[in-house]
Amino acid sequence: MEVASASAEPGRTWNSPHWTADDIGPDFAPMLDAMRVFHHRLAGARLPDDLTEEMRGIFERLGERLLEHQVPEERQIAGRIDIPGRGQLLVPNYELDAVEPDFLAGRLTYGRHFLGRNGAVYGGAIPLLFDSVLGRLANGPGRPASRTAYLHVDYRSITPIETELRFTAEVARQEGRKRFIRGTLSHGGTLCADVDALFLVLRPHQR
Ligand SMILES: CCCCCCCCCCCCCC(=O)SCCNC(=O)CCNC(=O)[C@H](O)C(C)(C)COP(=O)(O)OP(=O)(O)OC[C@H]1O[C@@H](n2cnc3c(N)ncnc32)[C@H](O)[C@@H]1OP(=O)(O)O
């Protein structure tokens, strides 16, 4: 396995995938999908003691096996591959329906793992989505790497779990190193949250 592009080089962008689907083998993405399903079912479960004990043993054994496969950051797959979810479990999985230089639109469904209370998505999971989607636009093809300076999120109505939601992101304006990006998250015709964000293009010494 070779590193396809290093993000710390001049002219680097965060949108250059370090790895391609060929680098990860056929089972990696389905394995993560199975883990996502597991997260949702675990969040929704009340477990009997014997199953909890069995699971603890399985996780401890698998965790041990992962120890010998630890790699430095630049060689890890998680978050560095252009498959849905970018090969990691932190950000909820989403599908992109429109990808333009200054605009993105897509869909996602927050599963039970992201439940706050009363059927609503945990509030912090919404900026997480916005940071990922707006960050993807801010760091789109041909754009030098930038970092989130602020994300201003307004929660306009309850965001339901287990319901298909739609999001948009668009570049509002660029002023020198500053990229102002805004976005929305909605359910049917209802606006759940919107965001105004500033991304700053990194200076040469910044990572
Ligand atoms: C694999 C395939 C797909 C890949 C897709 C990739 C997706 C990736 C998705 C993931 C993406 C995730 C991305 C992440 O999560 S990045 C991680 C989260 N962000 C950070 O950790 C950033 C931490 N902060 C910094 O590093 C610095 O503060 C930065 C770099 C942001 C600025 O420090 P720097 O020293 O460079 O700049 P400056 O201080 O001279 O300021 C310059 C100008 O900017 C203005 N300013 C600065 N801050 C703010 C502020 N808060 N509000 C309003 N204005 C602000 C400032 O007034 C000045 O304006 P002016 O006086 O010139 O007018």
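Residues numbered from 1 in each chain as written. Predicted model: local features only at pLDDT ≥ 70, side-chain atom pairs only at ≥ 80, totals over all residues. Heavy atoms only, no water.

The protein chain has the name Acyl-coenzyme A thioesterase THEM4 in an unreviewed UniProt entry, where Actinocorallia herbida is given as its organism. Turning to the protein chain, the UniProt record has this under Sequence similarities (unreviewed entry): "Belongs to the THEM4/THEM5 thioesterase family." (UniProt positions renumbered as here; feature names shortened; annotations may be inferred.)

1. Remarks on the pattern of salt bridges
What the rule picks out here adds up to 13 salt bridges. Salt-bridge contacts for Asp97 lead to Arg166; the nearest nitrogen and oxygen are separated by 3.8 Å. In this pair, Asp97 sits in strand 1 (residues 94-100) while Arg166 sits in strand 4 (residues 165-175), placing the two residues 69 residues apart along the sequence. When the shortest N-O distance is used, the salt bridge between Glu175 and Arg173 registers 2.8 Å. (Salt bridge = Lys/Arg side-chain N within 4 Å of Asp/Glu carboxyl O. Helix = DSSP H or I, 4+ residues; strand = E, 2+ residues; numbered from the N terminus.)

2. What about the packing of aromatic side chains?
This model, assessed by the stated rule, comprises 3 aromatic pairs. Arranged with centres 5.4 Å apart and planes meeting at 75°, the rings of Tyr110 and Phe114 form a pair that is edge-to-face. Since its relative accessible area comes to 0%, Tyr110 is described here as buried. For Phe114, a relative accessible area of 12% puts it in the buried group. The residue whose ring lies beneath Arg173 is Phe180, and the NZ or CZ to ring-centre distance is 3.9 Å. (Phe/Tyr/Trp six-rings, centres within 6.5 Å; stacked < 30°, edge-to-face > 60°. Buried < 20%, exposed > 50% of the residue type's maximum accessible area, 1.4 Å probe, protein only. Lys NZ or Arg CZ within 6 Å of the ring centre and 35° of its normal.)

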